[in-house]
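Inside the fold
What follows is the residue order along each chain.
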Amino acid sequence: QVQLVESGGGLVQAGGSLRLSCAVSGSIFSDNAMGWYRQCPGKQRELVASITSGENTNYADSVKGRFTVSRDKAKKQVYLQTNSAKPEDTAVYYCNLKMRRAPGTIWTNYWGQGTQVTVSS
């Protein structure tokens, strides 16, 4: 059974930094990607940043240059360093793992429970 547990959320002042962590338990297929999504009340969940098993990264335009996603494969953890925080970054942040057994098979998504990040102005 795959489980994801986030940590590191909280309150930060505008311009400040936070580091989110996500630990994965259970077996992970080698073909995978991990990332972070966020959701504000009344809005859809949106991709913030992702990183593949080959270390390729992808960022939402709104966080490029400010946020950095990284992973530790040995520890099965993914991180999100949030710098130069803005009030509009306030949201619940969710860790995501998607993986598949082999190319051409379906992707399976797993989610953490979410961690609140609040940026005060």
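Quick look at the environment of Cys-40 now. Among the secondary structure elements, Cys-40 is positioned in the loop between strand S4 (31-39) and strand S5 (46-52). Separated by 53 residues in the primary sequence, Cys-40 and Tyr-93 have C-alpha atoms spaced 9.1 Å apart. Among all residues touching Cys-40, those that are not within four sequence positions of it are Thr-90 and Ala-91.

To continue, consider the environment of Val-48. Tracing the backbone shows Val-48 in strand S5. As a C-alpha pair, Val-48 and Leu-18 span 30 residues in sequence and 14 Å in three-dimensional space. In this structure Val-48 touches Trp-36, Tyr-37, Arg-38, Asn-58, Tyr-59, Ala-60, Val-63, Phe-67, Leu-80 and Tyr-93, once residues within four positions along its chain are discounted.

Moving on to the environment of Val-5. Along the chain, Val-5 turns up in strand S1 (residues 3-7). As a C-alpha pair, Val-5 and Leu-18 span 13 residues in sequence and 17 Å in three-dimensional space. If near-sequence neighbours (up to four positions away) are discounted, Val-5 is found in contact with Ser-21, Cys-22, Ala-23 and Gln-113.

Thresholds applied
- Residues numbered from 1 in each chain as written.
- Predicted model: local features only at pLDDT ≥ 70, side-chain atom pairs only at ≥ 80, totals over all residues.
- Heavy atoms only, no water.
- Helix = DSSP H or I, 4+ residues; strand = E, 2+ residues; numbered from the N terminus.
- Contact = heavy atoms within 4.5 Å.

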